[in-house]
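# Structural overview for review
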Amino acid sequence: QTAVQAGTTSNASPLTVDEARFTNNGIGVSVAGNNHATVTRCDFDLDNCPGDVTKCTGLHLNGCTGYLVEENNFHRTAVSSPLPIEGIYVANSGTAANTLHRNSFSHLQEAVRVAGTNGGYHDPAGLELSCNTFEGDMCDIYVAVNSNMARQQGSASVGADNSFAGTTGSSLYNAGYQTIDYYFFPGTNHLPYTTTNVNTRKSLAANACLSTLCTPANVIPSGPIKSPDAGYLALKDQYDTLLSAYESRGYAGI
């Protein structure tokens, strides 16, 4: 039913799941109370669910904060299903700034479901969705009753700039207790399709939507430098020998 499950203990270490594929699961990854989890570049195939579950979820986050969720793909071939299907369920991540960034969702009943406290009442900080791609979902972002996320998605200077295409219901359905200000820079599919309890506002600039997973070339990583393993060094020696023979025999000039 659940492929990866991480709870919390007194000495819990952060969970990392990277470049994994999940299929035929009730829940792909479940994180409860384990802060600073990393779930990146994973593929969640939600076409087939086990027969003994009441709903299917790709990523389930509950009572945790500081997570990195980026460049994952949550998908079905069609939105219809006898069970509720959701890409990400996030609940009670608190009032700190958290982001779901550069993920893609397609043909889901609820791409992202937000429940509980995920932001402050007056503070604009909290859970923000930026640069995600939604295609053919029934509801792209659903904020449950008595729940919230960051009151401000994006800002007046830079848009949240999620992409909404082919939504059959609502791009941002807010049944929570706050009005959301959603900022976007005019562009292809940046304007939410329909909204509830949401003010849509234009920003001054587009979101660059850069990946946060790669270290820029001018940044030196901290910590000790790792030595190459023996297998790599052997291959490099073989390559250097072949390259030397190639050049000494004049092949380079042909």
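To be clear, the structure that these remarks concern was listed above.
Our subject in this report is the structure included herewith.

About the criteria used
- Along each chain, residues carry numbers from 1 onward, in the same order as the chain's sequence is written.
- The model is predicted, so local features are restricted to residues of pLDDT at least 70 and side-chain atom pairs to those at 80 or more, both for listing and for counting; the totals for chains, interfaces and linings are taken over all residues.
- Side-chain numbers come from the whole structure's heavy atoms, not from hydrogens or water.
- Secondary structure counts use DSSP, requiring at least four H or I residues in a row for a helix and at least two E residues in a row for a strand, with both numbered from the N terminus.
- Remark: exposure states derive from per-residue accessible area (1.4 Å probe, protein chains only) relative to the maximum for the residue type, with buried under 20%, exposed over 50%, and partly exposed in between.
- Within 3.5 Å is the distance limit for a polar contact, defined as a pair of N or O atoms, with the added protein rule that one can donate a hydrogen and the other accept it, and that residues adjacent in sequence qualify only through two side-chain atoms.
- Between any two strands, pairing holds if DSSP finds at least two bridges.
- Here a cavity denotes grid points, spaced 1 Å and computed from the protein atoms alone, that fit a 1.4 Å probe unable to get out, and a pocket denotes an open set having protein on both sides within 12 Å along at least 5 of 7 lines; residues with an atom within 4 Å of a point are the lining.
- Grid points are joined across faces, edges and corners, and a volume is the space filled by probe spheres set on the points.
- Amino acid classes used here: Ala, Val, Leu, Ile, Met, Phe, Trp, Tyr, Cys and Pro are nonpolar; Asp, Glu, Lys and Arg are charged; the rest, including Gly, are polar.
- When the centres of two rings from Phe, Tyr and Trp lie within 6.5 Å, Trp using its six-membered ring, the rings pair. Their planes under 30 degrees apart give stacked, over 60 give edge-to-face, and anything left gives tilted.
- We call a charge positioned above a ring when the Lys NZ or Arg CZ atom is no farther than 6 Å from the ring centre and deviates by at most 35 degrees from the ring normal.

For Gln152, the location among the structural elements is in strand S17 (residues 152-153). Gln152 gets classed as partly exposed once you look at its relative accessible area, which sits at 23%. For Gln152, the side chain forms a polar contact with the main-chain oxygen of Gly154, separated by 3.3 Å.

Our focus in this paragraph is the sheet that holds S17. Taken together, the 3 strands give an open sheet; going across it, the order is S17-S20-S22, and neighbouring strands pair in parallel fashion. Each edge of the open sheet carries a strand with a single partner, namely S17 and strand S22 (198-202). Sheet topology note: the S17/strand S20 (residues 180-184) ladder contains 2 bridges and is parallel. The residue bridging Gln153 from the neighbouring strand is Tyr182, located in S20.

The full count for this structure, using the stated rule, is 1 cavity of 30 Å³ or more. Considering only enclosed or pocket space, the largest cavity measures out at about 30 Å³ in volume. Every residue lining the largest cavity is listed: Phe22, Thr23, Asn25, Gly28, Phe44, Asp45, Leu46, Thr57 and Gly58. Elements with a minimum of two residues in the lining of the largest cavity: strand S3 (21-23), strand S6 (43-45) and strand S7 (56-62). Broken down by class, the residue content of the lining of the largest cavity amounts to 3 nonpolar, 5 polar and 1 charged.

Let us now look at the packing of aromatic side chains. With the rule as written, the count across this model stands at 7 aromatic pairs. Seen in terms of ring centroids, Phe105 and Phe134 are 4.9 Å apart; in terms of plane orientation they differ by 10 degrees. Their pairing is stacked. Within this pair, whereas Phe105 is found in strand S12 (residues 104-106), its partner Phe134 is found in strand S15 (residues 133-135), the two being separated by 29 residues in sequence. Overall, the relative accessible area of 2% leaves Phe105 in the buried class. Owing to a relative accessible area of 0%, Phe134 belongs among the buried residues under this scheme. When the centroid spacing of 5.4 Å and the interplanar angle of 5 degrees are considered together, the rings of Phe134 and Phe164 count as stacked. Of this pair, Phe134 sits in strand S15 while Phe164 sits in strand S18 (residues 163-165), and the two are 30 residues apart along the sequence. Among the aromatic residues, those joined into a cluster by ring pairs are Phe22, Phe44, Phe74, Phe105, Phe134, Phe164 and Tyr182. Lying over the aromatic face of Tyr89, Lys55 brings its terminal NZ or CZ to 4.9 Å of the ring centre.

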